[in-house]
Amino acid sequence: MTAGRTGGTGVADVIVVRRDRAAPTGWTTVVRLLGLLPAHWACHTDVAQDRVALRIELAGATDASTVRRAVSCVLADTALRGWTEER
């Protein structure tokens, strides 16, 4: 994950990749990811078969560390088995 500031707005970029070919593709996985992350987060996605890129806007109490912890917890869900964060 990378964090940065763009035009005064902070963002955290997170990339997750499919490591297990038996796991669902990116188009299914992005729905699961977004459903498990906090609903109030503004998140932009770029989805491919084996890769999902999330750009999460940092606002209020949401910082890059909060995003990192949340993504780690979400990826531990059995519905996302076979996917991992690319560092």
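Residues numbered from 1 in each chain as written. Predicted model: local features only at pLDDT ≥ 70, side-chain atom pairs only at ≥ 80, totals over all residues. Heavy atoms only, no water.

(A) Looking closely at the nonpolar core. Val16, Leu33, Leu37, Val52, Leu54, Val67 and Leu75 are the most contacted members of the largest nonpolar core, which totals 19 residues. Elements that contribute at least two residues to this core include exactly β2 (9-18), α1 (26-36), β4 (51-58) and α2 (64-75). Top element by residues in this core is α2. It accounts for five residues. Discounting chain neighbours no more than four positions away, the residues touching Val52 are Val14, Ile15, Val16, Gly26, Val30, Leu33, Asp46, Val47 and Trp83. (Core = buried A, V, L, I, M, F, W, Y, C linked by side-chain atoms within 4.5 Å. Buried < 20%, exposed > 50% of the residue type's maximum accessible area, 1.4 Å probe, protein only. Helix = DSSP H or I, 4+ residues; strand = E, 2+ residues; numbered from the N terminus. Contact = heavy atoms within 4.5 Å.)

(B) Main features of the side chain of Thr29. Relative to the helices and strands, Thr29 is located in helix α1. Judged by relative accessible area, which is 1%, Thr29 ranks as buried. In this structure the side chain of Thr29 is engaged in a polar contact, spanning 3.0 Å, whose partner is the side chain of Trp83. Discounting residues that sit within four places of it in the chain, Thr29 has contacts with Pro24, Leu80 and Trp83. (Polar contact = N/O pair within 3.5 Å; in protein donor to acceptor, adjacent residues only side chain to side chain.)

(C) Quick peek at the pattern of salt bridges. Scanning the model with the defined rule gives five salt bridges in all. Asp50 is paired through a salt bridge with Arg18; the nearest N and O atoms lie 2.6 Å apart. With Asp50 in the loop between β3 (43-48) and β4 and Arg18 in strand β2, this pair connects stretches of sequence that are 32 residues apart. Linking Asp50 and Arg21 is a salt bridge whose minimum nitrogen-to-oxygen distance equals 2.8 Å. Taken together, the residues span a long stretch of sequence, with Asp50 in the loop between β3 and β4 and Arg21 in the loop between β2 and α1 at a distance of 29 residues. Asp50 gets classed as partly exposed once you look at its relative accessible area, which sits at 28%. Bridged by salt links that share partners, the residues Arg18, Arg21 and Asp50 form one connected network. (Salt bridge = Lys/Arg side-chain N within 4 Å of Asp/Glu carboxyl O.)

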